Each structure stands twice: as C-alpha cells, then as structure tokens.
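Structural characterization, general
The primary structure of each chain is shown beneath.
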Amino acid sequence: MSMTRMNVQAGQVEMASPVSHAAEPRIRIRDVTLSYGALQIIGGISIDIAPGESLCVIGPSGCGKTTLLRMLAGLARPTSGAVELDGSALGGPDRSVAIVFQDYGKALLPWRTAAGNVSLALEARGCPARERPPIIRELLEKIGLGRHADKYPSEMSGGMQQRLQIARCLAQEPKVLLMDEPFGALDAMTRQALQDEVLSLVATTGATMVFVTHDLEEAIYLGDRIVCLQPNPGRVGRMVDVRLAHPRDQLVTREDPEFLRLRRELYDLIKDDHQ
Amino acid sequence: MKQLSMQKLLLGLLGLATFILVWKVITDFKLVSPIFFPSPARTWTALLKGLAGGPLLAQTLETVQRMLLGWLLASLAGIMLGALIGVSRRARAFIAPTLELLRPLPASAMIPIAIAFLGFSDQMVLVVIAFGALWPMLLATIHGFSAMEPRLYEVSAVLGLSRLQVIRKLALPSAMPMILASLRLGLTISLILAVVGEMLASREGLGQSILLASRSFRSADLFAGIVILGAIGLVGSGLLSLAEQRLLRWQAVTR
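Residues numbered from 1 in each chain as written. Chains lettered and ligands numbered in written order. Predicted model: local features only at pLDDT ≥ 70, side-chain atom pairs only at ≥ 80, totals over all residues. Heavy atoms only, no water.

1. What to know about a nonpolar patch on the surface
On the surface, a cluster of nonpolar side chains totalling about 860 Å² of accessible area is made up of B:Leu21, B:Val25, B:Phe29, B:Leu31, B:Val32, B:Ile35, B:Phe36 and B:Phe217. Position of B:Ile35 relative to the elements: it lies in the loop between helix 1 (2–28) and helix 2 (40–52). (Patch = residues over 30% accessible without salt bridge, like charges linked within 9 Å, V, L, I, M, F, W, Y side chains within 5 Å. Areas by Shrake-Rupley, 256 points an atom, 1.4 Å probe, with all protein chains shown as cover. Salt bridge = Lys/Arg side-chain N within 4 Å of Asp/Glu carboxyl O. Helix = DSSP H or I, 4+ residues; strand = E, 2+ residues; numbered from the N terminus.)

So this is what it looks like as structure tokens:
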C-alpha cells in the first residue's frame with residue numbers, strides 16, 4: 001500500500017464522513033473489564049464513540065463482542081472501569097440506549113400485534129394513549145411494515161420480525177442504537193435490504209450505532225470504524241477506519257477497491273486470531 | 001375448516017347417543033335394579049318435572065352460584081398471589097416449601113378445619129371451595145411468571161418499564177395460556193367441592209338434593225341431579241373455551 005494512495009483516500013473521508021472525532025464522545029468506554037469469578041471475559045477496553053458515528057465490532061467467537069454490547073446497554077456491569085453516556089456514568093439500562101437482539105423471536109411479544117409491540121416502547125415512556133397511533137403508524141411505515149400493523153409476530157417472516165424490533169427500538173427515540181448480530185439469522189437478500197435501511201435510519205435520526213457482527217463485509221459496509229476484538233480476555237486488537245463514501249451502495253461500495261482492501265486486512269486479522 | 005368442525009360436532013353427538021343407548025339397554029334388560037338405576041326416560045321426566053315445578057331449578061342456581069363465587073375467589077387470590085410470588089425469586093424461595101406442604105392436602109380434608117372455624121355455614125363451603133380450587137391457578141401463575149422468556153425481562157429493562165408494567169404487560173400475558181388452562185381445572189374442582197360441601201354441611205343445592213334423593217331411593221331424581229351437574233360442567237368448560245379462543249388468538253395463528 002503506497003502512502004500517496006492512503007492520503008488520497010483519507011482526503012475523501014473528510015468530505016464523506018459526517019463524523020467529527022474531535023467532538024465530545026457520545027459513549028466513552030473507559031478501561032472496562034469484566035470477570036465472572038476468576039474468569040476474565042473483558043480485559044481492559046477503552047473506546048470513544050462520537051455522536052452519529054457507526055462503530056462495528058468484530059472478532060472471533062468468545063472475544064466478548066456481545067458482552068461489550070450488553071455493558072453498553074447497561075444489562076451487564078463492568079467489574080472495573082466505566083461506560084459513560086454523554087459524560088455521565090451509565091448505571092444501568094437507559095431509555096436513550098436501545099438494543100436490537102439477534103433472537104427477534106424471543107424479544108418480541110407474541111401476543112401483541114406489530115402495532116402493539118411498537119406501542120410497548122411508547123407505553124414505557126408514558127406516551128398518552130391517543131398520541132400513540134400516529135407515532136406507531138409512522139414508525140412502521142418508515143421500516144416498511146405499514147401494511148402489517150395488525151399482524152402478530154408469528155404471521156411475519158424473520159426479516160419482518162427483525163424490522164419490527166428495530167421499529168420498537170426507534171420508538172424509544174434512542175441516542176444510541178446497539179445491534180447484536182441482528183441479521184445473523186436472515187437470508188442474504190433480506191440482510192442487504194436491512195443493512196441499507198439501518199444505514200438510512202442512522203443517517204436520518206443521527207443516532208450513534210454500535211453494531212456487533214461476525215460478518216466482515218457487513219462490518220465494512222455499515223461502519224465508520226471497525227474495532228477488532230481479540231479473545232482471552234476480550235480486548236481491542238485493532239481499530240480500523242472505514243474510508244468509504246456515504247451513502248453506501250450494495251454494488252458500488254462492495255466493489256470499491258478500498259472495500260476489498262479492508263476485507264483482506266480484516267480477514268488476515270481474524271485469521272491470525274483463530275490460529 | 002367448517003366441514004371439519006361440523007364433523008367433530010356430529011361425532012360428539014354420536015358418542016353421546018351411544019352412551020345413552022348403552023344406558024337404556026342396561027335398564028331395559030334390568031341388568032341393575034331399577035330402584036338404584038333409572039332408565040334415561042325416567043331420568044328425563046324427573047329432570048323436566050324438577051326443573052318446571054320442583055325445587056331443581058332453585059337448587060341448581062344455588063349450586064352454580066356457590067361454585068362461581070368460590071371459583072372467582074380462588075382465581076383472584078391464586079392469580080394475585082401467584083403474581084406476587086412469581087415476580088420475585090426471593091419470594092418464591094420463601095414460600096415454595098410451605099406451598100408444597102399445603103398443596104397435596106385434599107380439600108375435603110380441610111372441611112373439618114373449616115367447620116371448626118366457621119360452623120355449618122355457606123361461608124364454610126365457600127372457603128373450602130376457594131382453598132381447593134386455588135392451587136391450579138396459583139401454581140400456574142407462579143410457573144408462568146418464572147417461565148417468562150428471560151429476553152423479555154431485558155427488553156423491559158431497556159425500555160424502562162416499571163415493575164407493575166412488567167407484570168401487567170409482559171408476565172401476565174405470557175403466563176396466560178397456563179392460567180387459562182388452570183382456570184378450567186379450577187372450575188371443575190369448584191363444582192366438585194360445592195357439591196361435597198352442600199352434602200356435608202347440608203346447605204341448599206344440588207349436592208344436598210342428590211344426597212336426599214339417594215337416601216330416599218328416588219333414583220330418578222338422583223340421576224336428574226347428576227345430569228344437571230354434568231351439564232354445568234359442560235357449559236362452564238365451553239364458555240372458558242370461548243374465552244380462551246379470544247384471549248389466545250395470537251396462538252391460533254401459529255398452529
């Protein structure tokens with residue numbers, strides 16, 4: 001890789017990326033560790049995530065990707081260190097941090113319709129009953145479920161159920177959207193469609209996204225930065241900037257030489273860890 | 001679909017007809033003395049007479065009222081207690097051994113205790129019904145609550161649902177299939193205990209009427225009472241089925 005090419009690409013990014021790393025971070029992960037008894041799962045991770053940034057987390061299984069995400073959601077407490085949201089320590093789950101779980105089948109309420117599931121988030125934040133229907137309609141419309149408001153999750157495909165979970169998260173009006181391998185169980189076409197929708201949602205809402213995936217290409221496609229974790233205990237192996245223009249396109253972006261270069265680089269990183 | 005349920009209904013009626021036919025054959029051939037075992041026709045006549053001019057209608061209403069009141073008490077107490085115990089692991093640990101000790105006691109064994117406290121009164125019968133019918137609802141609610149998908153607890157934490165909201169909006173609906181099944185079981189127990197209670201405490205109702213008919217060898221009246229008890233059970237369970245279909249619509253979709 002020649003220096004000149006790197007510089008040219010770096011120049012492109014300044015224009016394309018809406019993220020400024022100089023701003024006060026939305027999330028600050030400060031030297032976080034997590035142990036269960038004698039077993040250390042996370043061994044000292046520090047990352048700053050800027051407002052509006054999209055950070056993808058990759059790494060071999062058992063490297064603590066999901067555990068890290070659960071700490072950001074307030075569902076797991078760090079043994080030492082702290083997670084800060086807008087400068088103040090996160091003590092537990094917070095309504096402004098939404099999380100999309102991989103197992104949509106378990107995260108949705110099977111006895112509520114699509115509209116009812118979205119409504120749950122509104123009920124939780126005390127939104128009056130008569131104000132809910134228009135908000136629900138708009139959210140379902142936005143995520144492509146406008147015609148399926150009265151369907152139960154069991155009547156929906158996996159992709160639709162995951163859309164519904166995302167809609168429910170958006171109803172929280174979150175500043176941070178955490179995603180735990182959300183598309184891992186979906187077929188390739190659905191997955192690509194949802195990737196694009198998530199990107200446009202993040203762009204329009206300005207939410208900060210942390211996206212855990214084991215799919216390198218997904219990480220490159222969605223991320224502004226990619227953190228590559230190493231296992232035993234989980235720690236930052238490498239932080240990679242993604243210098244690809246926005247908005248991204250399933251064909252153009254994936255054929256971009258930079259995309260292919262990143263894929264190669266990350267592949268080698270992960271492969272080394274597996275040896 | 002419609003044809004299938006029609007077929008089911010016809011088969012069910014056929015089964016009932018066979019049952020009555022066997023009954024008729026037994027009595028026609030006097031396999032059992034008619035003093036103890038009346039024919040279907042005699043039972044039917046006694047039933048109509050009892051309902052039209054006789055005391056049967058009033059007694060039926062008495063028993064149904066007793067059954068429903070006891071069942072309602074047991075259901076409310078069972079579900080509320082179950083919810084309280086079900087949401088807290090500590091409460092479960094605290095109360096589980098005591099419950100296991102009380103649960104296997106036959107409700108009829110509680111009758112002497114209830115009589116000691118309340119005498120031969122309607123309240124006594126009610127307490128016995130409520131105690132006996134409480135268990136299915138209580139256990140189903142506790143179990144349903146503790147069997148709630150753990151992911152939903154996380155969802156509720158992230159959404160910021162209050163504890164009461166978690167109970168009302170997540171735990172209760174997710175336990176609903178089990179609770180509804182237990183409501184049906186509880187209704188049967190309530191009917192049994194209403195009859196037993198009436199017999200033992202000689203309160204007005206079908207139980208007492210059956211007992212008196214049996215003592216005075218009025219076998220047709222005895223059987224008329226039993227037919228009504230069967231009908232009460234059938235109607236009760238049918239109504240609960242309807243409620244179940246409505247409340248568990250979301251499940252029907254998957255099947």
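We are not done yet, so read on.
2. Re the sheet that holds strand 5 (residues 88–89) of chain A
Consider a sheet: its strands pair through backbone hydrogen bonds, and that pairing is either parallel or antiparallel. All names here are of chain A. Taken together, four strands build an open sheet; the order of strands is 2-1-4-5 and the sheet is antiparallel. Single-partner strands in this sheet number two, and they are strand 2 (39–49) and strand 5. Two strands pair when backbone bridges link them, and strand 4 (residues 80–85) and strand 5 are joined in this way by two bridges, in the antiparallel orientation. Pairing of Glu-84 across the sheet is with Ala-89, part of strand 5. Sitting on the sheet, helix 2 (residues 65–72) touches strand 1 (27–36), strand 2 and strand 4, and the angle it makes with strand 1 is about 120 degrees. (Pairing = 2+ DSSP bridges. Contact = heavy atoms within 4.5 Å. Axes fitted to C-alpha atoms, helices over the stretch in contact; angles between N-to-C directions.)

3. Section: the confidence of the model for chain B
Per-residue pLDDT for chain B has a mean of 89; in total, 98% of the residues score no lower than 70. Mean pLDDT values for the elements of chain B range from 71 in helix 11 (residues 249–254) of chain B up to 93 in helix 7 (residues 150–159) of chain B. (pLDDT = per-residue confidence, 0-100.)

4. Some details on the domain arrangement of chain A
Residue and element names in this part refer to chain A. The domain architecture assigned to chain A consists of domain 1 (23–96 + 176–275) and domain 2 (107–173). With centres defined by C-alpha atoms, the gap from domain 1 to domain 2 works out at 25 Å. Tallying the contact residues gives 13 residues for domain 1 and 12 residues for domain 2. Summing both sides of the interface, domain 1 and domain 2 together bury roughly 1,100 Å²; the carbon and sulfur share of this comes to 67%. Our count for the contact surface shared by domain 1 and domain 2 stands at one salt bridge. Two residues, Arg-163 and Glu-197, come together in a salt bridge whose shortest N-O distance is 2.7 Å. At the boundary of domain 1 with domain 2, the tally comes to four residue pairs in polar contact (both at pLDDT 80 or more). If you list the elements that add at least two residues to the side of domain 1 that touches domain 2, you get strand 7 (176–180) and helix 7 (188–205). Looking at the side of domain 1 that touches domain 2 element by element, the count peaks at six residues for helix 7. Split by residue class, the side of domain 1 that touches domain 2 holds nine nonpolar, one polar and three charged. (Domains from an automatic or database assignment. Buried area = accessible area lost by both parts, 1.4 Å probe. Polar contact = N/O pair within 3.5 Å; in protein donor to acceptor, adjacent residues only side chain to side chain. Nonpolar A, V, L, I, M, F, W, Y, C, P; charged D, E, K, R; others polar.)

5. Comments concerning empty space enclosed by the protein
Per the counting criterion, the structure on display carries two cavities of 30 Å³ or more. A volume near 50 Å³ is recorded for the largest cavity. The wall of the largest cavity is formed by A:Ile99, A:Phe101, A:Gln165, A:Arg168, A:Cys169, A:Gln172, B:Val155, B:Val158 and B:Leu159. Of all the elements in the fold, those that place two or more residues in the lining of the largest cavity are helix 6 (158–171) of chain A together with helix 7 of chain B. (1 Å grid on protein atoms, 1.4 Å probe; cavity = no way out; pocket = protein on both sides within 12 Å on 5 of 7 lines; lining within 4 Å. Points joined across faces, edges and corners; volume = space filled by probe spheres on them.)

6. Some remarks on unusual backbone geometry
Residue A:Asn232 is joined to A:Pro233 through a cis peptide bond whose omega torsion reads -15 degrees. Relative to the helices and strands, A:Pro233 is located in the loop between strand 9 (225–230) and strand 10 (235–241). The residue after A:His246, namely A:Pro247, is reached through a cis peptide bond having omega -10 degrees. Assignment of secondary structure puts A:Pro247 in the loop between strand 10 and helix 9 (252–255). The phi dihedral of A:Glu181 falls on the positive side, at around 40 degrees, and the residue is not glycine. You will see that B:Phe217, though not glycine, has its phi angle at about 55 degrees, which is positive. B:Phe217 gets classed as exposed once you look at its relative accessible area, which sits at 55%. (Buried < 20%, exposed > 50% of the residue type's maximum accessible area, 1.4 Å probe, protein only.)

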